[in-house]
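# Examination of the molecular architecture
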Amino acid sequence: MPQHIAIIMDGNGRWAQKRHMPRTVGHAKGAAGVKALVEHCAKLGVKYLTLFAFSTENWSRPADEVSTLMALFVQYLEKEMGALAAAGVRLKVIGDVAGFAPELQTRIRAAEKATQHNQAITLVVAANYGGQWDVVQAVRNWQAAHPEASVSQLTQAQLAQHLSTAGMPDVDLLIRTGGEQRISNFLLWQAAYAELYFTDALWPEFDEAQINQSLHWFATRERRFGKVTNPNLEKAL
Ligand code: IPE
Ligand code: IPE
Ligand code: MG
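Computed from a predicted structure; not experimentally measured. (Residues numbered from 1 in each chain as written. Chains lettered and ligands numbered in written order. Predicted model: local features only at pLDDT ≥ 70, side-chain atom pairs only at ≥ 80, totals over all residues. Heavy atoms only, no water.)

### With respect to the sheet that holds strand β5 (residues 173-176)
Judged by pairing direction, the sheet is parallel, and its six strands sit side by side in the order β3-β4-β2-β1-β5-β6 without closing on themselves. Because the sheet does not close on itself, it has two edges, and the strands there are β3 (89-94) and β6 (195-198). Averaged over all pairs of adjacent strands, the angle between their axes in this sheet comes to 20°, without regard to strand direction. Looking at chain direction, β5 and β6 are connected through four bridges and run parallel. By the bridge assignment, R176 is partnered in β6 with F198. (Pairing = 2+ DSSP bridges. Helix = DSSP H or I, 4+ residues; strand = E, 2+ residues; numbered from the N terminus. Axes fitted to C-alpha atoms, helices over the stretch in contact; angles between N-to-C directions.)

### Some thoughts on the site of ligand 1
Not every one of the 13 residues close to ligand 1 is listed here, only the nearest: D10, G13, R14, H27 and R61. N12 is positioned such that a nitrogen or oxygen atom in its backbone is 3.2 Å from an oxygen atom of ligand 1. Within the backbone of G13, one N or O atom sits 2.9 Å away from an oxygen atom of ligand 1. Within the complex, 87% of the 380 Å² of free accessible area of ligand 1 lies under protein. Those elements that provide at least two residues to the shell around ligand 1 are α1 (12-18), α2 (23-32) and α4 (63-79). If one sorts the elements of the shell around ligand 1 by residue count, α1 sits on top with three residues. Looking at the shell around ligand 1 residue by residue, the classes come out as three nonpolar, five polar and five charged. (Near = heavy atom within 4 Å. Polar contact = N/O pair within 3.5 Å; in protein donor to acceptor, adjacent residues only side chain to side chain. Areas by Shrake-Rupley, 256 points an atom, 1.4 Å probe, with all protein chains shown as cover. Nonpolar A, V, L, I, M, F, W, Y, C, P; charged D, E, K, R; others polar.)

### Regarding the nonpolar core
Counting 42 residues, the largest nonpolar core has I7, L49, F73 and L123 as the members making the most contacts within it. Top element by residues in this core is α4. It accounts for eight residues. The residues contacting I7, other than those within four sequence positions of it, are L37, L49, T50, L51, F52, I175, F186, W203, F206 and I211. Judged by nonpolar contacts, the second largest core, of 15 residues, contains I8, Y129, L174 and L187. (Core = buried A, V, L, I, M, F, W, Y, C linked by side-chain atoms within 4.5 Å. Buried < 20%, exposed > 50% of the residue type's maximum accessible area, 1.4 Å probe, protein only. Contact = heavy atoms within 4.5 Å.)

### Points about the packing of aromatic side chains
The description of an aromatic ring pair uses the distance of the two centres, along with the angle that the planes make with each other. One pass over the full model with this rule turns up ten aromatic pairs. Note on W59 and F100: the rings are 6.1 Å apart at their centroids and 45° apart in plane angle, and the pair reads as tilted. Here F100 lies in the loop between β3 and α6 (102-114) and W59 lies in the loop between β2 (48-55) and α4, a separation of 41 residues in the sequence. Residue classification places W59 among the partly exposed residues on the basis of a relative accessible area of 38%. Classification of F100 by relative accessible area gives buried; the value is 5%. Between the aromatic rings of Y197 and W217, the centroid separation amounts to 5.3 Å while the plane-to-plane angle is 55°, which identifies the pairing as tilted. Note that Y197 is positioned in strand β6 and W217 in helix α9 (residues 208-219), a separation of 20 residues in sequence. A relative accessible area of 25% places W217 in the partly exposed class. Ring pairing ties together the aromatic residues F52, Y129, W133 and F186, which thus form one cluster. (Phe/Tyr/Trp six-rings, centres within 6.5 Å; stacked < 30°, edge-to-face > 60°.)

### Focus: unusual backbone geometry
Located in the positive-phi region is N128, a residue other than glycine, with phi close to 50°. By secondary structure assignment, the location of N128 is in strand β4 (residues 121-129). Judged by its relative accessible area of 5%, N128 falls in the buried class. Residue F225 is not a glycine yet carries a positive backbone phi of 50°. As for its position among the elements, F225 is in the loop between α9 and α10 (231-236).

### Focus on the packing of helix α3 (residues 34-44) against α9
The geometry of a pair of packed helices is captured by two quantities: the angle between their axes and the separation between those axes. One way to put it is that α3 packs onto α9 with a least axis distance of 10 Å and a crossing angle of 40°. With respect to each other, α3 and α9 are oriented oblique. In this structure, α3 crosses over α9, and the sense of that crossing is right-handed. Note on element contacts: α9 touches α3 through E208, I211, N212 and L215, opposite A36, L37, H40, C41 and L44. (Parallel < 35°, antiparallel > 145°, perpendicular 65-115°, else oblique. Left-handed = near helix turned anticlockwise from the far one by under 90°.)

Shown next, in the form of structure tokens:
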């Protein structure tokens, strides 16, 4: 079982367009499925689930779509977080939260605080997140913490400690729904050795059966981390 699953939740707009509905209906449908998926992952023993909700590039979308996504985020924190908290879910939001409306920032911080001691699973929501932003803010934070140090002293381990995911295991399984095979500036550093799973299923269609399928696929992967094939495995094949 992967310790850390990260998902690029793509395909909401196409799901709605196929049904001759506005794209925003797809976002609402996509958000509605998140709770069941988080609970399913917690039951399976996954410790971290990171969901890409809004990228630093998504500000370029039409204003009404951006505001619907923001409103859904607020609604989510208001309506679903209570049930998730009761199920032992710890919430963490990664990304440049300062880019959001002050009211949303307050809600995010409150939900994080209210769930900080929960242990069933950590739900990481990547909002106004970009992998390139994360690396740059990590370097800046490291420099602020070590004002006398020169950047030539910065190590990979130190940089990792200043990423927004500090303290979390790296991504084991990265899933992207919606048929595209690209990373779109998601967890660039943290997915260095992730197994990549691409599915044509659109995000609103991605259910328990679909995640189980990705987990079966993950179980067949041999993670070599740069080493050679395990000789025992070679013999068994
Ligand atoms: C959801 O899917 C991703 C978000 C930015 C919330 P999209 O809105 O990208 O849907 P498609 O790719 O246009 O179908
Ligand atoms: C990636 O999806 C971002 C999120 C899922 C939040 P996009 O739909 O924005 O990605 P591109 O633009 O097709 O690469
Ligand atoms: Mg998309």
